Amino acid sequence: MPYKMPSTVGLLLFVSSVLALPQGEGEALVRESCSTCHRPEILDRAQGYDTIDEWRQLMASMIQLDEPRADIIARYLTQHFKSKPELYPTLISGHIEIEIDEWMVPTLGQRSRDPIEAPDGTIWWTGMWASLAGQLDPATGEFREYPLPPTAKPHSIVPDDAGFIWYLGNGNGTVGRLTPLTGEIREYQTGLADPHTGLFHPNGYFYFTAQRAGAVARLDPTTGDITHMDTRARPYGIKVGANGLIYVAFNGDNAIGEVNPETLEIHYFTIPHEDSRIRRLDVGSDGSIWYVNSARGKIGQLNPVTGKVREWDSPSGPNSHPYAIAVIDDIVWYNESGQRPDALVRFDPESETFQSWAIPSGIGIIRHVWVTEDKALLIHQSSSNHIGRVRLIESEPPHEDTSAQIGAQNELLAR
Ligand code: HEC
């Protein structure tokens, strides 16, 4: 099945409570058309727009509306839900150039998230609310979407070397395995609420967090056996260090856990300030753990040998809610999900400097990122139904003045 025409997720995920929407032509239509997937309160929380076009663009990523319905709603929203400049990120300029490609995924309003690269170079993601896994060939732009069990509501997704795609069935407490060739699905019951993020360890086992259950678990893909260890509150992101130990972020405690892959025993590092909450983390080449302190608008570095922690304020401040993070060649990349547009931030630990960019389709949140074989960063926007890829444009940093340039050239010639 090649490219599919957009269809919409017709799910009533929440019992809509009645928000006091401003009166006006369009109010009833908003209730009718915009409350099936989320409550209309989301309008209050969101960025808002001052033009009909911007509202239409956002709506078109979620639902296909006929005329004059779309026009009436867009006019109503433009009048009552205007932009909030205070949400705009504080962008930091710099000499690094990047290129961002973005694709809108076929099924509208699916809550696209957590893209990964499979060994064959295709990009996969999950459509959590539509309970699907999607595949994109970035070379041709061709999409394919695979239905998963309707209650699975996949959160993250992981490829294995044999060509299977594994997903975390957040909604029905399963881990699932999809065979791309046939679309066949095998479900493993975990007995745990909220299977969240997972990975394959070099030892061949699949490890994952279960946020609501408060557990770290291991699945043996050959036997299907699952064992788990209870943890502190809300284990979230998970990564393997070069030392083979597994690092887990805690979204319900000011802690990072170090898990023994054999016994699942956990050693906890305390992250300063009891309000600290860490969604995700990654590991640097020196073994240090880079993390987002989502609750405090900071990023941090933990030395797992000494337990020492350093933190830096994210450019957009305490409410910027850093979320996803990846370390590429010892440069730290993460996003400020509290801002609209969502900002992508680069942090150079050596110079301790930041540079940041607004995500073009930036209506939504990057919740997880993935580093591809050729060191591109896969991103997504869960509101505006996009997945994307960030590539570095290789270029020399600009020099301040000619004398510095000549100095640098002489230095090069001297090498
Ligand atoms: C088919 C499902 C669906 C429908 C119908 C839908 N949306 Fe959404 N909407 C989403 C998803 C998914 C998100 C992301 C929610 C999240 O990640 O928590 C979202 C988020 C939003 C946001 C927040 C954007 C942000 O800043 O992150 C706004 C505003 C919004 N929707 C407006 C609307 C309006 C207006 C309509 C009606 C025209 C509508 N939605 C109909 C799926 C839908």
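Bear in mind the structure is a predicted one, so any value in this text is a computation, not a measurement. (Residues numbered from 1 in each chain as written. Predicted model: local features only at pLDDT ≥ 70, side-chain atom pairs only at ≥ 80, totals over all residues.)

**Topic: the overall build of the protein chain**
The helix and strand tally for the protein chain stands at five helices and 28 strands. By the compact-globule yardstick of 22 Å for 415 residues, the protein chain fits well, its C-alpha radius of gyration being 22 Å. Its C-alpha atoms give the protein chain principal-axis dimensions of about 70 × 65 × 45 Å. For the protein chain, with 415 residues in total, the buried portion stands at 44%. Across the protein chain, contacts joining residues at least 24 apart in sequence account for 48% of those joining residues at least 6 apart. (Helix = DSSP H or I, 4+ residues; strand = E, 2+ residues; numbered from the N terminus. Rg over C-alpha atoms; globule rule 2.2 N^0.38 Å. Buried ≥ 20, exposed ≤ 12 C-beta atoms within 10 Å, placed from the backbone. Contact = placed C-beta atoms within 7 Å.)

**Some words on helix α4 (residues 69-80)**
With twelve residues, α4 should cover 16 Å at 1.5 Å per step; its first-to-last C-alpha distance of 17 Å lies within 8% of that length. Buried within α4 we find Ile 73, Ala 74, Tyr 76, Leu 77 and Thr 78. Packing partners of the buried residues in α4 comprise α1 (27-33) and α3 (52-60). (Expected span 1.5 Å × (residues − 1).)

**A closer look at the site of the ligand**
Taken together, 26 residues surround the ligand, and among them Cys 34, Cys 37, Met 62, Gly 109 and Ser 383 come closest. Elements that contribute at least two residues to the shell around the ligand include exactly α2 (42-45) and α4. Counting contributing residues, the shell around the ligand receives three or more from each of domain 1 (27-83) and domain 2 (89-393). (Near = placed C-beta within 6 Å. Domains from an automatic or database assignment.)

**Structural notes on the sheet that holds strand β8 (residues 174-179)**
Reading across the sheet, the four strands line up as β6-β7-β8-β9 and stay open at both edges, with antiparallel pairing between neighbours. Looking along the sheet, the strands with just one partner apiece sit at the ends: β6 (154-159) and β9 (184-189). Ignoring which end each strand starts from, the neighbouring axes of this sheet average 25 degrees apart. Two elements, strand β7 (residues 165-169) and β8, share five bridges in a ladder whose sense is antiparallel. If you follow Leu 168 over to β8, its bridge partner there is Val 175. (Pairing = 2+ DSSP bridges. Axes fitted to C-alpha atoms, helices over the stretch in contact; angles between N-to-C directions.)

**A look at the domain arrangement of the protein chain**
For the protein chain, the assigned domains read domain 1 (27-83) and domain 2 (89-393). Between domain 1 and domain 2, the C-alpha centre-to-centre distance is 30 Å. Facing seven residues of domain 1, the contacting portion of domain 2 comprises eight residues. The class makeup of the residues in the side of domain 1 that touches domain 2 is four nonpolar, three polar and no charged. (Nonpolar A, V, L, I, M, F, W, Y, C, P; charged D, E, K, R; others polar.)

**What to know about the sheet that holds strand β26 (residues 370-371)**
Across a sheet, paired strands are connected by hydrogen bonds in the backbone, their directions being either parallel or antiparallel. In space, the four strands of this open sheet follow the order β1-β28-β27-β26, with antiparallel pairing throughout. Strand pairing shows two members of the sheet lacking a second neighbour, β1 (97-104) and β26, which therefore form its edges. Across five bridges, strand β27 (residues 377-381) lies against strand β28 (residues 386-393) in antiparallel orientation. Bridge pairing in β28 places Ile 379 opposite Gly 388.

**A short note on the pairing of strand β5 (residues 142-147)**
Strand residues, when the strand is regular, have side chains that alternate between the two faces of the sheet. In this structure, strand β4 (residues 132-137) lies alongside β5, joined through six bridges in antiparallel fashion. Residue pairing for β5: Leu 136 is matched across the bridge by Phe 143. Joining the antiparallel neighbours β4 and β5 is a turn of four residues, in which Gly 141 adopts a positive phi near 80 degrees.

**Describing unusual backbone geometry**
That bond from Glu 67 to Pro 68 is cis: its omega, 5 degrees, falls within 30 degrees of zero. Positionally, Pro 68 belongs in the loop between α3 and α4. A cis geometry characterises the amide bond from Arg 340 onward to Pro 341, with omega recorded as -5 degrees. Inspection of the secondary structure puts Pro 341 in the loop between β23 (331-336) and β24 (343-348). Non-glycine residue Asp 194 carries a positive phi angle of around 75 degrees. Mapped onto the elements of the fold, Asp 194 is located in the loop between β9 and β10 (195-200).

**A word on the environment of Thr 151**
As for its placement among the helices and strands, Thr 151 is situated in the loop between β5 and β6. Look at Thr 151 and you get exposed, because 12 C-beta atoms sit within 10 Å. Sequence-distant contacts of Thr 151, defined by excluding residues within four places in its chain, comprise Gly 171 and Asn 172.

**Description of the nonpolar core**
Counting 76 residues, the largest nonpolar core has Ile 256, Tyr 291 and Ile 325 as its most contacted members. Residues within four places of Ile 256 in sequence aside, it is in contact with Tyr 247, Val 248, Ala 249, Phe 250, Phe 269, Ile 271, Ile 278, Leu 281, Ile 289, Tyr 291 and Leu 302. (Core = buried A, V, L, I, M, F, W, Y, C linked by C-beta atoms within 7 Å.)

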